[in-house]
Amino acid sequence: MILIANTNGNPMPTIATWNVNSIKARLPAVLRWLERARPDVALLQEIKTVDDGFPEQEIGDLGYACAVHGQKTYNGVAILSRLGLEDVTRGLPGDDGDDQARYIEAVVGGTLRVASIYLPNGNPADSPKFPYKLAWMERLRAHAAGLARLDEPVVLGGDYNVCPTDGDVYDPAGWRDDALCRPDSRERFRALLHLGYTDAIAVRHPRPGVYTFWDYQGGAWQKDNGLRIDHLLLSPLAADRLEDAGVDRAPRGEPKASDHTPAWVRLREEA
DNA sequence: ATGCCTTGCGGAGCAAGA
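Given the structure is predicted, the values throughout are model-derived calculations rather than measurements. (Residues numbered from 1 in each chain as written. Chains lettered and ligands numbered in written order. Predicted model: local features only at pLDDT ≥ 70, side-chain atom pairs only at ≥ 80, totals over all residues. Heavy atoms only, no water.)

**So, the protein's contact with DNA strand B**
Among the 23 residues in the neighbourhood of DNA strand B, the closest are listed as Ser22, Glu46, Tyr118, Asn121 and Gln217. Contacts to DNA strand B include asparagine 19, whose side-chain N or O atom sits 3.5 Å from a phosphate oxygen. Tyrosine 118 places a side-chain nitrogen or oxygen 3.0 Å from a phosphate oxygen of DNA strand B. Across the surface near DNA strand B, the residue classes break down as 8 nonpolar, 8 polar and 7 charged. (Near = heavy atom within 4 Å. Polar contact = N/O pair within 3.5 Å; in protein donor to acceptor, adjacent residues only side chain to side chain. Nonpolar A, V, L, I, M, F, W, Y, C, P; charged D, E, K, R; others polar.)

Dropping the structure here:
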């Protein structure tokens, strides 16, 4: 994506989020995407590796600093930035017994705070995984409330594993009882909006069918049987600077694709 | 149809994803 200068001649930062479903399996695709789309900041989820296995060298060669919160086999999140990367914190506060690597936060470009979020899936919805998901969402709400009060703009991007509305699901009736669509999940997603956060894709593209995920099975991509579950939530100070947002469908159509595709937001420079 | 893919792990066939 091309950087567009504002009236002051400053480039506007682009922040993208992508669940890559294994950074090792996806490295060629991620490098191609970084070279083409050139996001200033990339929030990655499901890297499925420990910190030492993250390809920092290859990604660093493209000009990105990396902050990684990895885990063996499952989960794992990272932040890539070519605007500088500081004040990195790993893990979502609120449960010292939670060892799943699903949250990393940092300051980029000196003043913009970002988080890469891999929210628990929660299926099957009658298993302990669902209450874990809901408790995790409550912890996120509590933490996001504090972030919204900072003087810095905040972008909370990632795989939320929530379809906020029926328009975000290709078959709402069939998915009604799924953990991604259950009323409890949607209520807790709306609780984040009630704090003052803006769903950038939803406000920029207020229509059904703006999907970010297509299952590997059943020809879902070819049939456009998708879900919108990857979101970029903007704090009020970030939302004031919203220039554009979108979904980059191209990576989903490439060989050896992730089942998710990147979503992005572009912010105006500070006045 | 708890399958249909894809990945990690480990060296066969699960578990997990959404």
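Still more to cover.
**So, helix 3 (residues 129-148)**
For helix 3, built from 20 residues, the straight-helix expectation of 28 Å at 1.5 Å per residue is met to within 8% by its first-to-last C-alpha distance of 28 Å. Within helix 3 the residues assigned to the buried category are Phe130, Lys133, Leu134, Trp136, Met137, Arg139, Leu140, Ala144, Ala145 and Leu147. Elements in contact with the buried residues of helix 3: strand 6 (103-108), strand 7 (112-118), strand 8 (154-159) and helix 5 (183-194). (Helix = DSSP H or I, 4+ residues; strand = E, 2+ residues; numbered from the N terminus. Expected span 1.5 Å × (residues − 1). Buried < 20%, exposed > 50% of the residue type's maximum accessible area, 1.4 Å probe, protein only. Contact = heavy atoms within 4.5 Å.)

**Quick word on the sheet that holds strand 5 (residues 85-90)**
Taken together, the 6 strands give an open sheet; going across it, the order is 5-6-7-8-12-9, and neighbouring strands pair in mixed fashion. Bordering the open sheet on either side are strand 5 and strand 9 (198-199), each of which pairs with just one other strand. Note that strand 8 and strand 12 (residues 230-234) share 5 bridges and pair antiparallel. Residue pairing across strands places glycine 158 opposite histidine 231, the latter belonging to strand 12. Sitting on the sheet, helix 3 is in contact with strand 6, strand 7 and strand 8, with an inclination near 15° to strand 6. (Pairing = 2+ DSSP bridges. Axes fitted to C-alpha atoms, helices over the stretch in contact; angles between N-to-C directions.)

**Some words on the UniProt feature "site: Important for catalytic activity" (unreviewed entry) in chain A**
Per the UniProt annotation, the sites labelled "site: Important for catalytic activity" (unreviewed entry) are Asp230. Assessed through its relative accessible area of 0%, aspartate 230 is described here as buried. Dropping the residues within four chain positions of it, aspartate 230 is found in contact with Asn19, Gln45, Gly158, Asp159, Thr212 and His260. At a separation of 2.6 Å, a polar atom in the side chain of aspartate 230 contacts the side chain of threonine 212. (UniProt positions renumbered as here; feature names shortened; annotations may be inferred.)

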